[in-house]
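Architecture at a glance
Spelled out from the first residue to the last, the chains are:
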Amino acid sequence: MRISIRLDDITADMNWEKFLRFKDLMDRFGVKPLLGIVPDNHDPKLRIDPPRTDFWDYVKERRDKDGWVLCMHGCHHIYTTEKGGMLPLNRQSEFAGVPYEEQRDLLRKGKDILLRHGIEPALFMAPAHSYDLNTLMALRSLGFTGLTDGFGDKPYLYSELIFYPISYRKSDSLKKSDGVTTFVVHCNTLEEKDFVTYEEIFREQDMMPYTEMLEQDAVRRGTLGCQREYLMALVKRTVREHGERQAR
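Given the structure is predicted, the values throughout are model-derived calculations rather than measurements.

Scanning the protein chain for helices and strands turns up 8 helices and 10 strands. Computed over the C-alpha atoms, the radius of gyration of the protein chain is 17 Å, within 12% of the 18 Å expected from 2.2 N^0.38 for a compact globule of 248 residues. Structurally, the protein chain occupies a C-alpha span of about 45 × 40 × 40 Å along its principal axes. Taken across its 248 residues, the protein chain has 52% of its residues classed as buried. In the protein chain, once contacts between residues fewer than 6 apart in sequence are set aside, the share between residues at least 24 apart is 73%. Accessible area for the protein chain stands at about 12000 Å²; split by element, carbon and sulfur atoms hold 48% of it. Computing the positive centroid from 37 side-chain charges and the negative centroid from 40, the protein chain places the two 3 Å apart.

At a closest axis distance of 15 Å, the pairing of helix α1 (residues 16-29) and helix α2 (residues 55-66) adopts a crossing angle of 10 degrees. Relative to α2, the element α1 lies roughly parallel. Counting all contacts with α1, which are made through Trp 16, Phe 19, Leu 20 and Lys 23, the residues of α2 involved are Phe 55, Tyr 58, Arg 62 and Asp 66.

This brings us to the pattern of salt bridges. Evaluation of the coordinates by the stated rule reveals 22 salt bridges. A salt bridge links Asp 194 to Lys 193; the shortest N-O distance between them is 3.6 Å. Classification of Asp 194 as buried rests on a relative accessible area of 19%. By relative accessible area, Lys 193 is classed as exposed at 54%.

Turning next to the nonpolar core. If you look at the biggest cluster of nonpolar residues, it comprises 59 residues, and the most contacted ones within it are Ile 5, Leu 7, Phe 19, Phe 22, Ile 37, Val 59 and Phe 202. Considering every element that reaches this core, the biggest residue donor is α1, with 5 residues. Ignoring anything within four residues of it in the chain, the contact list for Ile 5 reads Phe 22, Met 26, Val 31, Pro 33, Leu 34, Thr 182, Phe 183, Val 185, Tyr 198, Phe 202, Met 207 and Tyr 210. In terms of nonpolar packing, the next biggest core, distinct from the first, is built from 10 residues, Leu 34, Val 180, Met 208 and Met 213 among them.

Conventions used here
- Residues numbered from 1 in each chain as written.
- Predicted model: local features only at pLDDT ≥ 70, side-chain atom pairs only at ≥ 80, totals over all residues.
- Heavy atoms only, no water.
- Helix = DSSP H or I, 4+ residues; strand = E, 2+ residues; numbered from the N terminus.
- Rg over C-alpha atoms; globule rule 2.2 N^0.38 Å.
- Buried < 20%, exposed > 50% of the residue type's maximum accessible area, 1.4 Å probe, protein only.
- Contact = heavy atoms within 4.5 Å.
- Areas by Shrake-Rupley, 256 points an atom, 1.4 Å probe, with all protein chains shown as cover.
- Lys, Arg positive; Asp, Glu negative; His and termini not counted.
- Charge placed at Lys NZ, Arg CZ, Asp CG, Glu CD.
- Axes fitted to C-alpha atoms, helices over the stretch in contact; angles between N-to-C directions.
- Parallel < 35°, antiparallel > 145°, perpendicular 65-115°, else oblique.
- Salt bridge = Lys/Arg side-chain N within 4 Å of Asp/Glu carboxyl O.
- Core = buried A, V, L, I, M, F, W, Y, C linked by side-chain atoms within 4.5 Å.

On their own, these measurements won't tell you what the molecule is for.
So, in structure tokens, the structure goes:
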């Protein structure tokens, strides 16, 4: 299986030491990821370092010089509902459960910020992987063409948008020989063992630039496929929450 990387929670005030260390690791192995940029970060959990003054120029340089792909990651990264949405990996959302017009206004605000900084986003990355049908309708109305989310071994078309899949379980993805998927990385919370693990993955696996993920043919997915995906996400969340309760 070919594996691409997406980096979530990219902000001017993120943990730059961990980000740059992971960047060095990716550079060593020629890994070219997708960056999920929060247009206007209001999430105190993501505010770690003093804001980098050249942030927008820096991420555009990664796009233009290194071939990385830039993506819009929510707007404020603030959870305002307790909805899991269509992919209920979590119990919180910036978008799912919010009325359509409010979602569209929020998405338009985020896109306008990126446009003012010379970034025209075609892809969307929902905070907490949580979105609903109103989110998809609003994204279409604003010219977005796809999302980095959903499960599967190839991109799929649903609601006139292309979904580029993330890994359901990394250990299973590493064993497969066919298909494509994306590993989700949060640089802010990386631990030493994570750097070791990803170095092994980059060395041993067939790593795919995210630009090539975007070139993959998409298959159409119907309602049954989305229902199956919903149940998979619900099971994964339930197992995770059970483990968290047991660890307390």
